[in-house]
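Structural description and commentary
Take a look at the letters that make up each chain.
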Amino acid sequence: MVARVAEVAEVSFGVESPNGPRTVTVSYRRTGTGEPLLLLHGIGHHRQAWDPVVGILAAERDVIAVDLPGFGASPALPDGLAYDLGSVVPALRGLCDALGVGRPHVAGNSLGGLLALEMAREDLARSVTALSPAGFWSGAERHYAFTTLRAMRGVARAMPLPMVERLARSAVGRTALTSTIYARPGHRSPEAVVAETLALRGAAGFDETLAAGRWVRFRDDVPQVPVTVAWGSRDRLLLRRQGIRAKHTIPGARLVRLPGCGHVPMHDDPALVARVILDTSR
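Here goes a summary of the coordinates provided. Numbering of residues starts from 1 in every chain and runs along the sequence as written. Confidence filtering applies because this is a predicted model: local features only for residues at pLDDT of at least 70, side-chain atom pairs given and counted only at 80 or more, and all residues used for totals across whole chains, interfaces and linings. Based on all heavy atoms of the structure, the side-chain values leave hydrogens and waters out of the count.

**Concerning helix 1 (residues 51-58)**
Each residue is assigned to one of three classes by its accessible area relative to the maximum for its type, calculated with a 1.4 Å probe on protein chains only: buried under 20%, partly exposed between the two thresholds, exposed over 50%. A run of H or I in DSSP counts as a helix once it spans at least four residues, and a run of E counts as a strand once it spans at least two, with each numbered from the N terminus. For helix 1, the full list of buried residues reads Val53, Val54, Leu57 and Ala58. Looking down the long axis of helix 1, one finds its buried residues gathered within 130° of arc, a one-sided arrangement. For helix 1, the secondary structure elements touched by its buried residues are strand 2 (20-32), strand 3 (35-40), strand 4 (61-67), helix 10 (265-268) and helix 11 (270-281). In this description, the arc belongs to the directions extending from the helix axis to the C-beta atoms. It only takes one pair of heavy atoms within 4.5 Å for two residues to be counted as in contact.

Put into structure tokens, the structure is as follows:
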């Protein structure tokens, strides 16, 4: 099988809404060879969150890293579509149909992990790897996470670009900007920290997605597909005890600890995260 040359593109497709069909446009990067693997980032992030693992995954998978609607380079959802599971999951189904990938393997982080599990529940995924997925929180844990996310967004929106660039040049500054989601923030490149801070600042879907998540709990088993739930031992946003709740909800899931990793573990230990995803998708 010939490896796919990496491409960055966007695709538009129709999605039903209560007020009739709407057109959704999604930006993505596709590379590699093998069975399709869809990568879904967390709230306020972008597809580049997966960059540290894409090269490893692409050796065995046709990797599609997506900017969710209203995040990264993907436009906001059109009027008539809410940023809730009832709209975003059908949009992901439409994306898979438009790209001709059928039921892909799906890996997601945080919000993306919740979406991956919802895709499995709707029989849209061949396997799921959920990294610190949302939806297994208590009320207090959800309030803490949402308050933290709002504060991060507020800081990102308040800082002028020159200040962000200046902070990103030093390990101390990168720690100040990103230590909530990374266990090793000083290891991030200045360019990546600037880009993800701007992605958080400009995320059109942030507020509505957060509002829609207020009542979200994932409560259903998904016995029809292989599921791995993986949690960083140093996750400061969604505390790792939520992984135990996920295991109780999905008894057949493999629960994996990611030592030394934070909430977005792809940057903290790319080799480990890639191995977990590939093991699940095999």
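Having put the structure on the table, let's press on.
**What about helix 7 (residues 190-202)?**
Taking 1.5 Å per residue as the helical rise, helix 7 with its 13 residues ought to reach 18 Å, and the 18 Å between its terminal C-alpha atoms agrees with that figure. Three or more residues of helix 7 are buried, namely Ala192, Val193, Val194, Glu196, Thr197, Ala199 and Leu200. Those residues of helix 7 that are buried are in contact with helix 4 (139-158), helix 5 (161-168), helix 6 (171-178) and helix 8 (206-212). Take the residue count of a helix, subtract one, and multiply by 1.5 Å to get its expected span.

**What to know about the pattern of salt bridges**
Any two side chains of opposite charge can pair, on the condition that their charged atoms come close. In what follows, salt bridge is the name for a side-chain nitrogen of Lys or Arg lying within 4 Å of a carboxyl oxygen of Asp or Glu. As enumerated under the stated definition, the model contains 13 salt bridges in all. In this structure, the salt-bridge partner of Asp62 is Arg30, at a minimum N-O distance of 2.7 Å. Residue Asp62 is found in strand 4, and its partner Arg30 is found in strand 2; the two are separated by 32 residues along the sequence. The exposure classification of Asp62 matches that of Arg30, with both residues buried. One salt bridge connects Glu141 with Arg241, and the closest N-O pair in it is separated by 2.6 Å. Here the residue Glu141 occupies a position in helix 4, and Arg241 occupies one in the loop between strand 7 (227-232) and helix 9 (242-249), the gap between them amounting to 100 residues.

**Quick notes on the packing of aromatic side chains**
Centres within 6.5 Å are what make two rings of Phe, Tyr or Trp a pair, Trp counting through its six-membered ring; a difference in plane orientation under 30 degrees is then read as stacked, over 60 as edge-to-face, and the rest as tilted. Overall, the coordinates contain two aromatic pairs when judged by the stated rule. Ring plane angle 55° and centroid distance 5.8 Å describe the contact between Phe136 and Phe218, whose orientation is recorded as tilted. One end of the pair, Phe136, is in the loop between strand 6 (127-131) and helix 4; the other, Phe218, is in the loop between helix 8 and strand 7, with 82 residues separating them in the sequence. By relative accessible area, Phe136 is classed as buried at 3%. Ring geometry for Trp137 against Phe146: centres 5.4 Å apart, planes inclined by 90°, an arrangement best described as edge-to-face. Judged by its relative accessible area of 5%, Phe146 falls in the buried class. Cation placement over rings: the criterion is NZ of Lys or CZ of Arg within 6 Å of the ring centroid and within 35° of the ring normal. For Arg142, the ring lying beneath its charged end belongs to Phe146, and the centroid distance is 5.1 Å.

**Examining unusual backbone geometry**
Even without being glycine, Ser110 reaches a positive phi, approximately 60°. Mapped onto the elements, Ser110 comes out in the loop between strand 5 (105-109) and helix 3 (111-121). For Asp123, which is not glycine, the phi dihedral falls at a positive 60°. Tracing the backbone shows Asp123 in the loop between helix 3 and strand 6.

**A short note on the side chain of Ser27**
In this structure, Ser27 sits in strand 2. Since its relative accessible area comes to 6%, Ser27 is described here as buried. Setting aside residues up to four positions removed in sequence, Ser27 forms contacts with Ala9, Glu10, Arg47, Ala65, Val66, Asp67, Ala73 and Ser74.

**Side note on the packing of helix 5 against helix 6**
Note on definitions: angles span 0 to 180 degrees between N-to-C directions of axes, and those axes are lines fitted to C-alpha atoms, for helices only across the stretch in contact. For the pair helix 5 and helix 6, the least separation of the axes is 6 Å and the interaxial angle reads 120°. Judged by the inter-axis angle, helix 5 sits oblique to helix 6. For the pair helix 5 and helix 6, contact is made by Val164, Leu167 and Ala168 and by Gly173, Arg174 and Leu177, respectively. Along the lines of polarity and charge, the residues of the contact of helix 5 with helix 6 split into four nonpolar, one polar and one charged. Geometric relationships in this document are graded by angle, where less than 35 degrees denotes roughly parallel, more than 145 denotes roughly antiparallel, 65 to 115 denotes roughly perpendicular, and other angles denote oblique. Residues were grouped as follows: Ala, Val, Leu, Ile, Met, Phe, Trp, Tyr, Cys and Pro as nonpolar; Asp, Glu, Lys and Arg as charged; and all remaining residues, including Gly, as polar.

**Some thoughts on the pairing of strand 3**
Counting buried positions over the six residues of strand 3 gives five, a clear majority of the element. For two strands to pair, DSSP has to find at least two bridges joining them. As paired elements, strand 3 and strand 4 share six bridges and run parallel to each other. Across the sheet, the residue bridging to Glu35 is Arg61, located in strand 4. Here is how to tell: hold the view so the strands point away, follow the path from the first strand over the helix to the second, and if it runs clockwise the crossover is right-handed. A crossover connection joins strand 3 to the parallel strand 4 through helix 1; in handedness this β-α-β unit is right-handed. Relative to strand 5, strand 3 runs parallel, the two sharing four bridges. Within the sheet, the bridge partner assigned to Leu38 lies in strand 5 and is Val106.

From the geometry alone we can't say anything about function, so treat these as descriptive.
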